[in-house]
Number of protein chains: 2
Amino acid sequence: MKPRPLSYQEENYLKAVLKISEGRGKKDAGILELSRALGVKPPTAHQMLKKLKEKKLVLFEKYGKVMLSAGGRKAAMALVRKHRIWETFLHDVLKFSWDEVHELAEYLEHIPSDEIINRLEKLLGNPKFDPHGDPIPDVGGNVRPAFRKTLSMGTPGRNYHLVAVSDSHQSLLQFMSKYNLKINDKIKYVSELGLDGMGVIRVRNKNITVGSTFMHEVKVVCEQCMKKCKCPDEVWCVV
Amino acid sequence: MKPRPLSYQEENYLKAVLKISEGRGKKDAGILELSRALGVKPPTAHQMLKKLKEKKLVLFEKYGKVMLSAGGRKAAMALVRKHRIWETFLHDVLKFSWDEVHELAEYLEHIPSDEIINRLEKLLGNPKFDPHGDPIPDVGGNVRPAFRKTLSMGTPGRNYHLVAVSDSHQSLLQFMSKYNLKINDKIKYVSELGLDGMGVIRVRNKNITVGSTFMHEVKVVCEQCMKKCKCPDEVWCVV
DNA sequence: ATTAAATGTTAGATAAACCTAACATTACAA
DNA sequence: TTGTAATGTTAGGTTTATCTAACATTTAAT
């Protein structure tokens, strides 16, 4: 077996930097936050990031923030592409539920083959979004922007399409499974409750009361904004 | 992510012991042979096998041979099952060629999920053999015996089904790809050449001269033996 | 402006899986 | 049966990715 160009762990660190710097929140990545995202202690993350700097995959100065280099970003986007195509395969073909696919894809994304991914993509009919509604980068690492916002940023009374949810938020995914809520469901944002950030939505003629996490983590697209191809409070992110 | 029950490498060592002790040749596994099979130096293999002995996965006494315990064999058979189901998926669904699937399956077999494997098996229609003609163990780790012999053990003039070829023999796999030879092809063993163990086979009305490696590595089943459900020179193995 | 809290860095230790060099045992062939 | 070749074992070192403990810098609050 050929040696991997990047180790399993190096790949995870690059993905974590991408997730923080271009994901929901989009902030500069610091060592502490990275170490938390990766489940390691700060000195561990620090050491690895020095190594990735040597390899010119990240930009990182003493006491400064961490950013991906062009090469590092390319590698990280390739991982995101692999992750999301595997998730789509597991969901669409092997019928794994929405909340099971993420963990398995965490392993599968490291399989060192671009060809498997390209063939899976074709098999799946060149999907543009994974089962969580996140856009799938193309072979060049480009993602189409997606017009979307959190439900909490929506306007009560309007209709939305449920398009995305953080795929690593286990309890939320289970909540949605329980109420049979799926990507692409049409929902109506009925009302804000004004208490603990809760709200009420209507799906298939049934009202569901949802909590703050749901309001802030679930991403929706308002059909009006889609049509106008502009959305004042658009929030989109890659990871 | 949960910790793996066995590390990536521990799995490979168990598989290597199985391959030597129950594969073609079926000999007792020694440290030197294991180290060669795994591409490591003898002390490395020795150390790992002491660890696997601690974990009760192998039986191994000083200066003695290595054998799998019941638990070790179960784990190794599970790996063989995963490997062969992934190979079948890659070949049947993603249309990878016969000689490409082995290397990719070497990675995929370590994905820690039995459920993916069970669903793939169903998707593929519960195949009994992988693209190389090797039998796929069931969930319990049982393999059906296969009546087969090497072509060199066959009788010139008879018709055979090409059922198996060592999936790690790259140059042989490429030779077969080149002549468009596939598992399940009907071939006639035309004659022995009596020189360097060479022979002639006939496939789709074309004669092909094959060398010693082909004669000794390619497995065939003689239809007569299959029908009688017994074969005097049956050679079957698991890995 | 000062200080406390948050964050980042360094140094040194550990475990896994590999190595080389040296030594021990077994197997077999003369 | 004895000596050499093949195989196995031990000891000690390397690399990767982790840790803890101690120290340094930056940020933010009074």
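Residues numbered from 1 in each chain as written. Chains lettered and ligands numbered in written order. Predicted model: local features only at pLDDT ≥ 70, side-chain atom pairs only at ≥ 80, totals over all residues. Heavy atoms only, no water.

**Student:** Would you explain the overall build of chain A in this entry?
**Tutor:** When helices and strands are counted, chain A shows nine helices and eight strands. A compact globule built from 239 residues would reach a C-alpha radius of gyration of about 18 Å, and chain A, at 19 Å, matches this within 12%. For the C-alpha atoms alone, the extent of chain A along its principal axes is close to 55 × 45 × 35 Å. Evaluated residue by residue, chain A yields a buried proportion of 47% over its 239 residues. Here the contacts in chain A between residues at least 6 apart in sequence split such that 63% fall between residues at least 24 apart. When the accessible surface of chain A is split by element, carbon and sulfur atoms take 53% of a total near 11900 Å². Taken as two groups, the 40 positive and 28 negative side-chain charges of chain A have centres that lie 2 Å from each other. (Helix = DSSP H or I, 4+ residues; strand = E, 2+ residues; numbered from the N terminus. Rg over C-alpha atoms; globule rule 2.2 N^0.38 Å. Buried < 20%, exposed > 50% of the residue type's maximum accessible area, 1.4 Å probe, protein only. Contact = heavy atoms within 4.5 Å. Areas by Shrake-Rupley, 256 points an atom, 1.4 Å probe, with all protein chains shown as cover. Lys, Arg positive; Asp, Glu negative; His and termini not counted. Charge placed at Lys NZ, Arg CZ, Asp CG, Glu CD.)

**Student:** Sorry, what's going on with the relation of the copies chain A and chain B here?
**Tutor:** Mapping one chain copy onto the other needs a rotation about an axis and a shift along that axis. With an RMSD of 0.1 Å, chain A superimposes on chain B once it is rotated by 180° and translated 0.0 Å along the axis. Such a combination of rotation and displacement between the chain copies is what one expects of a two-fold axis. When each C-alpha of chain A is compared by its distance to the rotation axis, Leu 108 of chain A comes out closest, at 3.8 Å. A high fraction, 100%, of the interface residues of chain A reappear at the interface in chain B, so the copies pair face to face through one surface. (Least-squares fit on C-alpha atoms with pLDDT ≥ 70 in both.)

**Student:** Before we go on, may I ask you to explain the confidence of the model for chain A in this structure?
**Tutor:** As a general rule, the predicted coordinates of low-pLDDT regions are not to be interpreted in detail. Residues and elements named next belong to chain A. Of the residues in chain A, 90% reach a pLDDT of 70 or more, and the chain-wide mean stands at 88. In the model of chain A, helix α9 (residues 223-228) stands out as the element of lowest mean pLDDT, 59, in contrast to helix α6 (residues 114-123), which has the highest, 98. Of the regions scoring below 50 in pLDDT, residues 229-236 engages in 19 contacts with residues more than four places distant in sequence or in other chains. (pLDDT = per-residue confidence, 0-100.)

**Student:** How do you make sense of the interface of chain A and chain B when you look at a structure like this?
**Tutor:** Where interface size is given, it is often the accessible area lost as the parts come together that is meant. Across the contact, 24 residues belong to chain A and 24 residues belong to chain B. Interface area, chain A with chain B, both sides summed: about 2200 Å², of which 74% is carbon and sulfur. Its largest share of buried area at the contact with chain B, chain A owes to Met 1, Tyr 107 and Arg 119 of chain A, together 30% of the area lost on that side. Taken together, the links from chain A to chain B amount to four residue pairs in polar contact (both at pLDDT 80 or more). (Buried area = accessible area lost by both parts, 1.4 Å probe. Polar contact = N/O pair within 3.5 Å; in protein donor to acceptor, adjacent residues only side chain to side chain.)

**Student:** Help me understand the sheet that holds strand β3 (residues 149-150) of chain A, please; the structure alone is not making it clear to me.
**Tutor:** Two orientations exist for strands paired in a sheet by backbone hydrogen bonds: parallel and antiparallel. Residue and element names in this part refer to chain A. Spatially, β3-β8-β4-β5-β6-β7 is the arrangement adopted by the six strands of the open sheet, whose pairing is antiparallel. Every interior strand has two partners, whereas the edge strands, β3 and β7 (206-210), have only one. Pairing between strand β4 (residues 159-164) and strand β8 (residues 219-222): four bridges, direction antiparallel. Counted as the bridge partner of His 161 is Val 221 from β8. (Pairing = 2+ DSSP bridges.)

**Student:** Sorry if this is basic, but what is going on with helix α2 (residues 31-38) of chain B here?
**Tutor:** Since the α-helix advances by 3.6 residues per turn, residues separated by three or four positions end up pointing in the same direction. Residue and element names in this part refer to chain B. By the burial criterion, the buried members of α2 are Ile 31, Leu 34 and Ser 35. The buried residues of α2 all sit within an arc of 100° when viewed along its axis, so they share a single face. Counted as exposed and oriented over 90 degrees from the buried face of α2: Arg 36 and Ala 37. Check the buried side of α2 and you find it contacts α1 (8-22), α3 (42-54), β1 (58-60) and β2 (66-68). (Arc of directions from axis to C-beta.)

**Student:** I tried to follow the nonpolar core on my own but got confused; where do I start?
**Tutor:** A general trend in soluble globular proteins is that nonpolar side chains are found buried together. Grouped together as the largest cluster of nonpolar side chains are 34 residues, with contacts concentrated most on Trp 86 and Ile 116 of chain A together with Trp 86 and Ile 116 of chain B. Those elements that provide at least two residues to this core are α4 (70-92), α5 (101-108) and α6 of chain A together with α4 (70-92), α5 (101-108) and α6 (114-123) of chain B. Each residue touching Trp 86 of chain B, except ones within four places of it in the same chain, is listed here: Trp 86 and Leu 108 of chain A together with Ala 105, Leu 108, Glu 109, Ile 116, Ile 117 and Leu 120 of chain B. (Core = buried A, V, L, I, M, F, W, Y, C linked by side-chain atoms within 4.5 Å.)

**Student:** Would you explain the protein's contact with DNA strand D in this entry?
**Tutor:** For DNA strand D, the set of nearby residues contains 21 residues, the closest of which are Thr 44 and Lys 51 of chain A together with Leu 32, His 46 and Tyr 63 of chain B. The sugar and phosphate moieties of DNA strand D supply 76% of its atoms located within 4 Å of the protein. Here a phosphate oxygen of DNA strand D and a backbone polar atom of Leu 32 of chain B are 2.5 Å apart. When contributions to the surface near DNA strand D are tallied by element, the ones reaching two or more residues are α1 (8-22) and α3 (42-54) of chain A together with α2 and α3 of chain B. Counting residues per element, the surface near DNA strand D draws most heavily on α3 of chain A, at five residues. Grouping the amino acids of the surface near DNA strand D by side-chain chemistry returns 10 nonpolar, six polar and five charged. (Near = heavy atom within 4 Å. Nonpolar A, V, L, I, M, F, W, Y, C, P; charged D, E, K, R; others polar.)

**Student:** How should the protein's contact with DNA strand C be read in this particular structure?
**Tutor:** Residues in close proximity to DNA strand C total 21 residues, the closest being Leu 32, His 46 and Tyr 63 of chain A together with Thr 44 and Lys 51 of chain B. When the atoms of DNA strand C within 4 Å of the protein are sorted by group, sugar and phosphate make up 77%. Contact distances for DNA strand C include 2.5 Å between a phosphate oxygen and a backbone N or O atom of Tyr 63 of chain A. In this structure, a base nitrogen belonging to DNA strand C sits 2.8 Å away from a side-chain N or O atom of Gln 47 of chain B. For the surface near DNA strand C, the secondary structure elements donating two or more residues are α2 (31-38) and α3 of chain A together with α1 and α3 of chain B. Residue contributions to the surface near DNA strand C peak at five residues, all from α3 of chain B. Here the surface near DNA strand C is composed, by residue class, of 10 nonpolar, six polar and five charged.

**Student:** How should empty space enclosed by the protein be read in this particular structure?
**Tutor:** Over the atoms, a rolling probe the size of a water molecule traces out where space has been left empty. With the rule as written, the count across this model stands at one cavity of 30 Å³ or more. In this model, the largest cavity occupies a volume close to 60 Å³. Residue classes in the lining of the largest cavity are distributed as six nonpolar, two polar and two charged. (1 Å grid on protein atoms, 1.4 Å probe; cavity = no way out; pocket = protein on both sides within 12 Å on 5 of 7 lines; lining within 4 Å. Points joined across faces, edges and corners; volume = space filled by probe spheres on them.)

**Student:** How should I be thinking about the packing of α1 of chain A against α3 of chain A in this particular structure?
**Tutor:** Residue and element names in this part refer to chain A. Packing of α1 against α3 leaves a shortest axis separation of 11 Å and a crossing angle of 95°. Comparing their axes, α3 and α1 come out roughly perpendicular. For the pair α1 and α3, the contacting residues are Gln 9, Glu 10, Tyr 13, Leu 14 and Val 17 in the first and Thr 44, Ala 45, Met 48, Leu 49, Lys 51 and Leu 52 in the second. In terms of residue class, the contact of α1 with α3 is built from seven nonpolar, two polar and two charged. (Axes fitted to C-alpha atoms, helices over the stretch in contact; angles between N-to-C directions. Parallel < 35°, antiparallel > 145°, perpendicular 65-115°, else oblique.)

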